[in-house]
Amino acid sequence: MGRLPSGEARGGAPPRWLSGALGAFLFLALAAAGEKEHRVRQACDTCRGITERFSQGLTDTAKKNFGGGNTAWEEKTLSKYESSEIRLVEIIENLCDSSNFECNNMVEEHEEHIETWWFKWKKKSPDLFKWLCIETIEVCCPAGTHGPDCVACRGGSERPCHGNGNCAGDGTRGGDGSCRCKREYQGEFCLDCSDGYYNSHRNDTHSVCTACHDSCKTCSGATNTDCKECKEGWTRNEDACVDVDECAVEESPCSTDQFCLNTEGSFSCKACDRSCLGCTGEGTSKCKNCVPGYEMKDENCTDVDECTSSEKVCVRENEDCVNTAGGYKCVCSEGFQDEDGSCVATVKGDALLLTEEETPANVSSSDAHEEL
């Protein structure tokens, strides 16, 4: 008997090397499937865009180069232009932006089909999207169908997913037809209600899901007495779900510099006033205690003016005290500046000059000099 690879045992879990290879294979397979689905959906979107721009081209060229006044001549000439190759070429030239590779590639590949429709099928099959995209090159499906054979979506092609969701692959040659329900609905056919909603109408083919009361996780009706389960933040009181006041507990759920504000089904934490050392609400009147620099007066935390205290707080010479919210600062008096921790006089120019006020008004400059 051949030896098993290292680490492999008879029975039990697969060896690590096999699990890794299998995982990589599944990942690549899923990636390939996703890429294929994307290409299928893109092909339909591209074809739809081409036919929509073709329709716009028909409108833009409906009466091009006419309107000169000779009605009989115009009608005769216009009838020729209406189905002419010249008009077709003008429309085709404007079907794609120059940078749109998928569009240009599809037009180039299927230009003969477009010409065939223009000259032979336009009157019998005026819907170019249906003739080209669905029936001829088969990149799209009729609405409400999907897949290579355009089979009906779940819930039927008339009302896929019973009108309460989207069919995977709807209108394309891809998808598996499964329902992707709107938020209110769930289940294979989108007939059941999601948590937070209840059936206000229901039969075999129709379902209307309406929002429960805010307090209900699940319910059977519209009020808080119809809750089957209460949402988090709510509690059952007798026959109804009522709000839990998270702020009413002895130990606040908020930090020491915040106060608790109850809301329906929840709560929020708000910052205390800057003057508070702990608080029960908003503002200076809700402080439990005051932070340093404030004091309690008339049940409010009020700023302490340290500059008016009996004990001088700014002790350097030529220095003033300036009160601030919750504190104070020491600054040099006017005419002085801080140098190396001392307040020294501010000097203007190279020397202090004698002002006019210091010179006697009745003494001339020559008199002053003689006295010197």
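Scroll up a little and you will see the structure.
Keep in mind the model is a prediction, meaning the values are calculated, not measured.

Chemist: Give a detailed account of the overall build of the chain, specifying residues and quantitative values.
Modeler: If you tally the helices and strands in the chain, you get seven helices and 20 strands. Each of the 372 residues in the chain was classed as buried or not, and the buried ones make up 28%. For the chain, the proportion of contacts with a sequence separation of at least 24, taken over those separated by at least 6, is 27%. Per element, the accessible surface of the chain, about 25600 Å² overall, is 49% carbon and sulfur.

Chemist: Please set out the packing of helix α5 (residues 111-121) against helix α6 (residues 128-136) residue by residue, giving values where relevant.
Modeler: A pair of packed helices is characterised by two quantities: the angle between their axes and the separation of those axes. At a closest axis distance of 11 Å, the pairing of α5 and α6 adopts a crossing angle of 130°. As far as their axial angle goes, α6 and α5 are oblique. Here α5 and α6 pass one another in a crossing that is right-handed. Taken together, the residues of α6 that come into contact with α5 (itself represented by H113, I114, T116, W117 and W121) are L128, W131, L132 and T136. Grouping the amino acids of the contact of α5 with α6 by side-chain chemistry returns six nonpolar, three polar and no charged.

Chemist: Can you tell me about the nonpolar core, naming the residues and giving the values?
Modeler: Generally speaking, a soluble globular protein has its nonpolar side chains buried in company with each other. The biggest cluster of nonpolar side chains holds 24 residues, and the ones touching the most others in it are C47, F54, L95, V107, I114, L132 and C140. Going through the elements one at a time, α1 (16-60), α3 (85-92), α4 (101-109), α5 and α6 are the ones with two or more residues in this core. Here the element with the most residues in this core is α6; it accounts for six residues. When neighbours within four sequence positions are excluded, L132 is seen to be in contact with C47, T51, H113, I114, I137 and E138.

Reading guide: rules and limits
Residues numbered from 1 in each chain as written. Predicted model: local features only at pLDDT ≥ 70, side-chain atom pairs only at ≥ 80, totals over all residues. Heavy atoms only, no water. Helix = DSSP H or I, 4+ residues; strand = E, 2+ residues; numbered from the N terminus. Buried < 20%, exposed > 50% of the residue type's maximum accessible area, 1.4 Å probe, protein only. Contact = heavy atoms within 4.5 Å. Areas by Shrake-Rupley, 256 points an atom, 1.4 Å probe, with all protein chains shown as cover. Axes fitted to C-alpha atoms, helices over the stretch in contact; angles between N-to-C directions. Parallel < 35°, antiparallel > 145°, perpendicular 65-115°, else oblique. Left-handed = near helix turned anticlockwise from the far one by under 90°. Nonpolar A, V, L, I, M, F, W, Y, C, P; charged D, E, K, R; others polar. Core = buried A, V, L, I, M, F, W, Y, C linked by side-chain atoms within 4.5 Å.

Everything listed here is a matter of coordinates, which is why it stays silent on function.
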